[in-house]
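The chain contents come next:
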Amino acid sequence: MDYLISVATIAGIYIIMALSFYMVFMTGQISLGQAGFMAIGAYVSAICSVKWGIPYVPAVLIGGIFSGIVGLVLGLPALRIKGIYLLLLTLGFGEIVRVVAINLKYTGAAEGFPGIPYQKHTLLYAYGMVVILIIFFSRLRRSRMGRAFQAVGSDEDAAEIIGVNIISAKLLAFSVGAFMAGVGGGIFAHYQEYVEPLMFDVMHAIEFLVFAIFGGIQIFWGPIFGALVLTFVPEFLRVIQEWRMELYGALLIVMMIVRPQGVIGLDTVQTLNRLFRNGLGKGGAESPQAM
Amino acid sequence: MLSIEDLSAGYGKGLALHGVAIKVEKGEVVVLIGANGAGKSTLLRTISGVLRPKKGHILFQGQKIEGNKPHSIVKIGIVQVPEGRGIISRMTVKENLDMGAYLRSDKDGIIGDLERVFEKFPRLRERLGQNAGTLSGGEQQMLAIGRALLAKPRLLLMDEPSLGLSPNFVEFVFETIHELREKDGYTILLVEQNANQALGVADRGYVLETGRIVLEGESQALRDNEEVQRAYLGRSARTVET
Amino acid sequence: MILQQLINGLMLGATYSLVAIGYTLIFGVLGLLHFAHGEVLMAGAFMGLYIIMWSGLPLYITLPLAMVATGVLGIIIDVLAIRPLKKDFHLAPLLSTIGVTIILQNLAVKLFGGYGTRFPEAIETVNYKVGPLLISSANILILGVSLFLMVVLYFFIAKTKIGKAMRTVAESHTTAGLLGVNVDLIVLLTFGIASALAGTAGVMIGIVFHAITPFIGLTFALKGLVVMLIGGLGNVVGAMIGGLILGMAEVFSIVLLPTEINLQDIFSFGIMIIILIFKPTGLFGTRVTQG
Amino acid sequence: MILEIRDVVKYFNGFSALSDVGMDIEEKKIHALIGPNGAGKTTLFNLISGMYDVTRGEIRFKGARIDGVKPYLRTKLGIGRTFQIVRLFGFMTVLENVMLGSHCKTKAGLLKTFFRFSIREPQEEKATRENAMRWLEFVGLPHQANEIASNLPHADQRLVEIARALALEPDLLLLDEPASGMNPKETEELNSVISKINQMGKTVFLIEHNMELVMGISHVISVLNFGGKIAEGTPAEIQGNSEVIEAYLGKR
């Protein structure tokens, strides 16, 4: 049972991370810096708890906000560049965060930062955050800003001609995504009781990317599905566990060949919606938009 | 020589060509005319193998070629002067010409053909070492035609060679086409917006409208046809007074 | 002392150049950031290691063998992970090569362990004293081989028929096809050449550092990316010069900067981020080399 | 005059795409811009909507200069447009695409989106949706509202794009080759949609190659060739203009 809870907890944290990637991706930006933002959230919240005795919830939030601010600052130069340049910038950012953590004596440098108070209800907090994010994304999806984000992600020029301020849209998405990753990091730190730089290397950022891309990047249910499946399935199939990363890699390639929009696409949601409505005999009285 | 039957093609889900049929005989100049978006370039791109047809057949000298890759189409002698000229701007004029002879290995033949291209376009010889991207529009068109000739085409496809050129150069391009046929005996399938002048150098023509052949015939007949005027200027037959 | 560092910097830089040329070739011809290129280098290093160990043959035979083997690996990647992709999702190739990265790195960890593997003595170490300088046989070998390969590649691209075809494909796949170039074949060849160069760099890294790990891929991939950015995307000569610049800059940064923290790691990323923000087109512009 | 174009010049890397073009678009008229391929028509549209900046010259909208103003702000001022190649947002439904048209008429920010206690749809969102639905009905596609935009047939996508541009309630609507790739029947429908738009009091400025359409609905036609204006007038005047005939058909 304990084992199941620990897997579920980690899955919850990964959902937050996959959603943070998705948030940035909505505006068409690929970030390999999400592990770096996670690290910032983890370290800052840990400092708050350990050094200044700030309670759990505010500590985690401070970590998230700090990460969001860093995201805003990194987002500024990121506005000028796109595509692979942005990918490289975020990659470089993630590595710099890690190298700084390795060298920072204040937080134990490479040996890690121990003694973070354990939060035994992490499962609740993590999924509480997931629920908040689900509410956030479903409201976002049916909102002016959400549509603007997606428009920017789909065709920047057309979005601007429609009247979207693409600069503020991208900046906003970037820093909100960083905030989410920071909160994820804070929750993670207080579950592991210690953090070390190795936990936040590029491979982890790539892992979050795989969750989102595999699950689907047209709608927020995709990253949630991806993070859940890719965390749980390997845990219960030993063979897969051993070859987990290789499987992720192969999965990514196969998805790109067969279904680049991910397992959960807009079509999936529409089909489900239709089935659901027909099943309940409701007709089209609901808001006609896809969830 | 070239015979196309019931050809349908397009990008994505939509079709830009619906059951098109045309023929080009050896030694002929045939022109495809029609407004923008009528499917003229799509037809050339399908013949060249850039686009796969969705239906129909393309026969070249009795041989089925639809669905072949562009490089194998070039190999059998169908060479296209692409829309927008397709100059490799970061290579020199000489290198561009070398690329024209890419599939050939007869060194002496290439040198001879190169001389003939220079005779036709002396300007190219002067610009040999220059970056092709720095040429003027007219010079680029000369380069594009010269480069295509170096591939020893049996059938030359030309996609809007007069597009974006100054009036003097437009004249020159049509003179060149005329000469290619009269003096050198090339078979040419030409796509043009410049209908009057194109029909002036062609034997026969086809008029395309939203992906269908709506009219075909001898050049002179097409030139005097009111439908042609209508297709371009939307005039009803009554108001034509040319 | 300065002169001695210059030699070291050149040697380091030459390997960077080899990596960066591969990136830039593939970028030029396919417009693709080949994320797995660093892992190809790592695989090349291990293949070199085993070829040297098993065959016991001298380096001038084993090095070309390692190059061929790595080239084949590159071709396999193109055939399996790039070519089958759907064209309508423009991020697909990038994400697919990220998949390749995950697979290669984790396979390597399984096969060779996560720790360093000793690299066999491929050449006899002799130190030549030239005035105040100490030059080892490894120095000479690496500089010599890299410069030789770069010169050969330069002439190959500038003068040969295939080289011109590569540049034509780099400009436009359609135009190249209409000129009779078999575009698929040229792309395949580009992957082969780029990967063979990375393999060479891998073997050399093994010779210099005496040990290799499955993680060298990422490190050198990042350096290669920095160099490609310095040189300009798709610019082969830029990559050659950029490598030497970065190599020397790194060596001098070790000499000049305080040593208690390993700043040189941040150093390359710092350069990368500065270039990305201020001059993303690189110092030499983005273009393929001219003949 | 709703739109005044004065001595506009546009260079691309030394090549002149437009040279000293001047044009007045009268309010509540349908004004067509025609000319052979490569004449600079779309370039002019891009200058008006702000995707490019003018090299020289000025553009005035309702009397105020707009050259140099950011594209999204021009939209806010009341200029809507469609593109030569349809540019709908593919991951979204038809309705969502049209709703995006209202973006600059609405306000709700990210915080307001999230921090609300009622689970009912916010007033603004509801209004946006109903507005979008109206425009979909206007172009005759209400039944396609929940379809994913990229799944629609080509002609319908064009109409959705027009509906999206209408949703921002522009005073000036720029249509770039709306009929391209449409069959005669679809063109007919388009024709009536454009007329209806004009009857609502909106100014329409359109680039089009389908001459039957252009000659049938335009009040004024301007002709571009080689980046310069060669003629302007009523459809009848343009049809009789020998310079225009030559530009299209070439010299005889």
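Data block above holds the structure.
Residues numbered from 1 in each chain as written. Chains lettered and ligands numbered in written order. Predicted model: local features only at pLDDT ≥ 70, side-chain atom pairs only at ≥ 80, totals over all residues. Heavy atoms only, no water.

Secondary structure assignment for chain D yields 10 helices and 10 strands. In terms of overall dimensions, chain D is globule-like: its C-alpha atoms have a radius of gyration of 19 Å, near the 18 Å expected for 252 residues. Each principal axis of the C-alpha distribution contributes one length, and for chain D these read about 70 × 40 × 30 Å. The buried share among the 252 residues of chain D stands at 57%. (Helix = DSSP H or I, 4+ residues; strand = E, 2+ residues; numbered from the N terminus. Rg over C-alpha atoms; globule rule 2.2 N^0.38 Å. Buried < 20%, exposed > 50% of the residue type's maximum accessible area, 1.4 Å probe, protein only.)

Below, the discussion takes up the interface of chain C and chain B. On the side of chain B, 25 residues touch chain C, which itself brings 24 residues to the contact. With both chains or domains summed, chain C and chain B bury close to 2000 Å², and 57% of this area falls on carbon and sulfur atoms. It is C:Glu171, C:Leu178 and C:Leu179 in chain C that bury the most area against chain B; as a group they hold 33% of the surface buried on that side. One can count 4 salt bridges joining chain C with chain B. Between C:Asp184 and B:Lys69 there is a salt bridge, with its nearest N and O atoms 3.5 Å apart. If you look at where chain C meets chain B, you find 8 residue pairs in polar contact (both at pLDDT 80 or more). Among the elements of the structure, helix 6 (161–171), helix 7 (173–178) and helix 8 (183–209) of chain C are those that each provide at least two residues to the side of chain C that touches chain B. Here the side of chain C that touches chain B gets 8 residues from one element, more than from any other, and that element is helix 6 of chain C. (Contact = heavy atoms within 4.5 Å. Buried area = accessible area lost by both parts, 1.4 Å probe. Salt bridge = Lys/Arg side-chain N within 4 Å of Asp/Glu carboxyl O. Polar contact = N/O pair within 3.5 Å; in protein donor to acceptor, adjacent residues only side chain to side chain.)

Residue and element names in this part refer to chain D. One non-glycine residue, lysine 28, lies in positive phi territory at about 65°. Counting through the fold element by element, lysine 28 comes out in the loop between strand 2 (15–25) and strand 3 (30–34). One non-glycine residue, phenylalanine 226, lies in the positive phi region at around 50°. Mapping phenylalanine 226 onto the fold places it in the loop between strand 9 (220–225) and strand 10 (228–233). Taking relative accessible area as the criterion, phenylalanine 226 reaches 42% and is therefore assigned partly exposed.

Time to look at the pattern of salt bridges. Between side chains of opposite charge, a pair can form when the charged atoms approach closely. Residues and elements named next belong to chain B. Scanning all chains against the criterion turns up 42 salt bridges over all chains. Lysine 120 is paired through a salt bridge with glutamate 179; the nearest N and O atoms lie 3.6 Å apart. Taken together, the positions of lysine 120 in helix 4 (residues 107–120) and glutamate 179 in helix 7 (residues 167–182) put the pair 59 residues apart, joining distant regions of the chain. Residue classification places lysine 120 among the buried positions, given a relative accessible area of 17%. Overall, the relative accessible area of 30% leaves glutamate 179 in the partly exposed class. The residue arginine 123 makes a salt bridge to glutamate 139 at a minimum N-O spacing of 3.0 Å. Taken together, the residues arginine 123 in helix 5 (residues 122–126) and glutamate 139 in helix 6 (residues 137–149) connect sequence positions 16 residues apart. Its relative accessible area of 33% is what places arginine 123 among the partly exposed residues. Judged by its relative accessible area of 4%, glutamate 139 is buried.

Below, the discussion takes up the nonpolar core. In terms of nonpolar packing, the biggest core is built from 212 residues, with A:Met23, A:Phe137, A:Phe200, A:Leu209 and C:Leu33 touching the most fellow members. Among the elements that make up this core, the one with the highest residue count is helix 8 of chain C (14 residues). Non-local contacts of A:Phe200, meaning those with residues more than four positions away in its chain, are made with A:Ala35, A:Met38, A:Ala39, A:Ala42, A:Tyr43, A:Arg98, A:Phe188 and A:Val195. (Core = buried A, V, L, I, M, F, W, Y, C linked by side-chain atoms within 4.5 Å.)

Contact between chain A and chain B is absent, and the minimum C-alpha spacing across the pair is 17 Å. When C-alpha atoms are compared, chain C and chain D, though not in contact, are closest at a spacing of 11 Å.

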